Amino acid sequence: MKKLTFAYESQSDLRILNTGHGWKVEAPQSGSRLEGGPLGEDIYQLEQFHCHWGETSAEGSEHTVDGRAYAGELHLVHWNTTKYQSFAEAAQHPDGLAVLGVFFDVGNESNDEIEKIVSTLSEIKFKGQFTDIPDVIDPTTFLPSGLGYWTYLGSLTTPPCNECVIWIVYKEPITVTEEQLVQFRCLSACSGEAEEFIVKNYRPPQPLGNRALRECNA
Ligand SMILES: COc1ccc(C[C@@]2(O)NC(=S)NC2=O)c(OC)c1
Ligand SMILES: [Zn+2]
């Protein structure tokens, strides 16, 4: 495969919302480009990023590596702007979306970029609430230093589970603290006063079946 290349803008005042299933940052970036690697000749543009986690740090990722789960997984969602006119249209095609998956390992060092997300969560405790992230966010800073990855053709991980995702899962995790994950788990799935914490929002991996899994050791 050709080398995977990416270019992102740094943006402030990005909107973060509580979807009821977790937090999501809306980051449509017409100036961003993800291309190469398994993406053929097409250019993909960043649309949003969100995260999955578990009740304890022994689980939480949506992919496992030789059966091992990580404490969480960040999804940087891109859509094919070469072939399609909108994100919604792209999500109807096998080469419509490209999602970068980044595993979370728990360590003692707080992740400064994730902390910019955590610092807003008290303002979006309930489903439907949203706020703007005052800090400047550069999506590049969410990526691990080692850029080796696995890639395969897969799907969205929640219904409607469209088979429209070219998955690119980085082999090297990034580090977050247990406290940062504890803050994720304090989000409520409800819009009212009732508190039903979103303690886990990862979906179990499905059999690979006859899909080809490729890797790149950047
Ligand atoms: C176009 O409709 C959808 C529907 C759901 C999701 C969310 C998700 O299912 N997909 C991934 S990736 N992780 C998830 O939790 C989505 O994200 C791009 C797009
Ligand atoms: Zn996801």
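Conventions adopted
- Residues numbered from 1 in each chain as written.
- Chains lettered and ligands numbered in written order.
- Predicted model: local features only at pLDDT ≥ 70, side-chain atom pairs only at ≥ 80, totals over all residues.
- Heavy atoms only, no water.
- Helix = DSSP H or I, 4+ residues; strand = E, 2+ residues; numbered from the N terminus.
- Rg over C-alpha atoms; globule rule 2.2 N^0.38 Å.
- Buried < 20%, exposed > 50% of the residue type's maximum accessible area, 1.4 Å probe, protein only.
- Contact = heavy atoms within 4.5 Å.
- Areas by Shrake-Rupley, 256 points an atom, 1.4 Å probe, with all protein chains shown as cover.
- Lys, Arg positive; Asp, Glu negative; His and termini not counted.
- Charge placed at Lys NZ, Arg CZ, Asp CG, Glu CD.
- Core = buried A, V, L, I, M, F, W, Y, C linked by side-chain atoms within 4.5 Å.
- Donors = N, O, S within 2.8 Å, 3.2 Å for Na, K, Ca; no water.
- Tetrahedral: all angles 85-135°; square planar, octahedral: opposite > 155°, others 65-115°.
- Near = heavy atom within 4 Å.
- Polar contact = N/O pair within 3.5 Å; in protein donor to acceptor, adjacent residues only side chain to side chain.
- Pairing = 2+ DSSP bridges.
- Salt bridge = Lys/Arg side-chain N within 4 Å of Asp/Glu carboxyl O.

J.: Looking at this model, I keep getting lost on the overall build of the protein chain. Mind explaining?
T.: Counting secondary structure elements, the protein chain contains three helices and 14 strands. In summary, the protein chain has a C-alpha radius of gyration of 16 Å against a globular reference of 17 Å for 218 residues, a match within 12%. The principal-axis extent of the C-alpha atoms belonging to the protein chain is close to 45 × 35 × 35 Å. Looking at the 218 residues of the protein chain, the share that counts as buried comes to 47%. Considering only residue pairs separated by 6 or more positions, the protein chain has 69% of its internal contacts joining residues 24 or more positions apart. Accessible surface, the protein chain: about 10200 Å² in total, of which carbon and sulfur atoms supply 50%. Side-chain charges in the protein chain split into 16 positive and 31 negative, and the spacing between the mean points of these groups amounts to 6 Å.

J.: Can you walk me through the nonpolar core in this structure?
T.: Considering soluble globular proteins, one finds that nonpolar side chains tend to be buried as a cluster. Within the largest apolar cluster, 41 residues are counted, with the highest numbers of intra-cluster contacts made by Trp23, Phe49, Leu74, Leu100, Phe104 and Phe184. Per-element accounting of this core gives the leading share, five residues, to strand 5 (residues 44-53). Setting aside chain neighbours within four positions, we find leucine 74 in contact with Trp23, Phe49, His50, Cys51, Leu100, Gly101, Val102, Phe104 and Phe142.

J.: Even after reading the chapter, I still don't get the coordination of the zinc ion (ligand 2), so can you show me in this structure?
T.: Here the zinc ion (ligand 2) is held by His50 (NE2), His52 (NE2) and His75 (ND1), and the distances to it run 2.0 to 2.1 Å. Seen from the zinc ion (ligand 2), its four donor atoms lie at angles of 99 to 121°, and the figure they make is tetrahedral. Linear spacing of the donor residues for the zinc ion (ligand 2) on their chain is H-x1-H-x22-H. With histidine 50 in strand 5 and histidine 75 in strand 8 (residues 72-80), this residue pair connects regions lying 25 residues apart in the sequence.

J.: Please explain the site of ligand 1 as it appears in this structure.
T.: Taken together, the neighbourhood of ligand 1 is formed by Gln48, His50, His52, His75, Val77, Phe87, Ala91, Val99, Leu156, Thr157, Thr158 and Trp167. Within the side chain of histidine 52, a nitrogen or oxygen atom sits 3.4 Å from an oxygen atom of ligand 1. In the environment of ligand 1, an oxygen atom lies 3.2 Å from a nitrogen or oxygen atom belonging to the backbone of threonine 157. For ligand 1, the protein covers 81% of the area, taking 430 Å² as the surface of the free molecule. Elements with a contribution of two residues or more to the shell around ligand 1: strand 5 and strand 8. Considering each element in turn, the shell around ligand 1 owes the most residues, three residues, to strand 5.

J.: How should the pairing of strand 3 (residues 23-26) be read in this particular structure?
T.: Along strand 3, the buried face is formed by Trp23 and Val25; none of Lys24 and Glu26, which line the opposite face, is buried. In the sheet, strand 2 (residues 14-18) pairs with strand 3 via four bridges, with the strands oriented antiparallel. If you follow asparagine 18 over to strand 3, its bridge partner there is tryptophan 23. The antiparallel pairing of strand 2 with strand 3 creates a hairpin that spans four residues between the two strands, and glycine 20 there sits at a positive phi of about 90°. As paired strands, strand 3 and strand 5 are joined by three bridges and run antiparallel to one another.

J.: Got a minute to help me understand the pattern of salt bridges in this structure?
T.: Here the idea is simple: oppositely charged side chains can pair when their charged atoms come close. A full pass over the atoms with the stated rule returns nine salt bridges. Residue glutamate 41 is joined to lysine 2 by a salt bridge in which the shortest nitrogen-to-oxygen separation is 3.6 Å. Of this pair, glutamate 41 sits in the loop between strand 4 (33-35) and strand 5 while lysine 2 is found in the segment before strand 1 (5-7), placing the two residues 39 residues apart along the sequence. With relative accessibility at 66%, the residue glutamate 41 sits in the exposed group. For lysine 83, the salt bridge identified is with aspartate 42, shortest N-O distance 3.6 Å. Of the two residues, lysine 83 sits in the loop between strand 8 and helix 1 (87-90) while aspartate 42 sits in the loop between strand 4 and strand 5, which places them 41 residues apart along the sequence. For lysine 83, a relative accessible area of 43% translates into the label partly exposed.

J.: Is there a simple way to think about unusual backbone geometry in this case?
T.: Negative phi values dominate among residues other than glycine, just as trans dominates among peptide bonds. The linkage connecting proline 159 with the following residue, proline 160, adopts the cis geometry, with an omega of 15°. The topology assignment puts proline 160 in the loop between strand 11 (149-154) and strand 12 (165-170). Residue aspartate 66 is not a glycine yet carries a positive backbone phi of 50°. Here aspartate 66 is to be found in the loop between strand 6 (64-65) and strand 7 (68-69). With relative accessibility at 82%, the residue aspartate 66 sits in the exposed group. In this model, cysteine 161 sits at a positive phi of 50°, which is unusual for a non-glycine residue. Of note, cysteine 161 is situated in the loop between strand 11 and strand 12. For cysteine 161, a relative accessible area of 30% translates into the label partly exposed.

In short, geometric facts, not functional conclusions.
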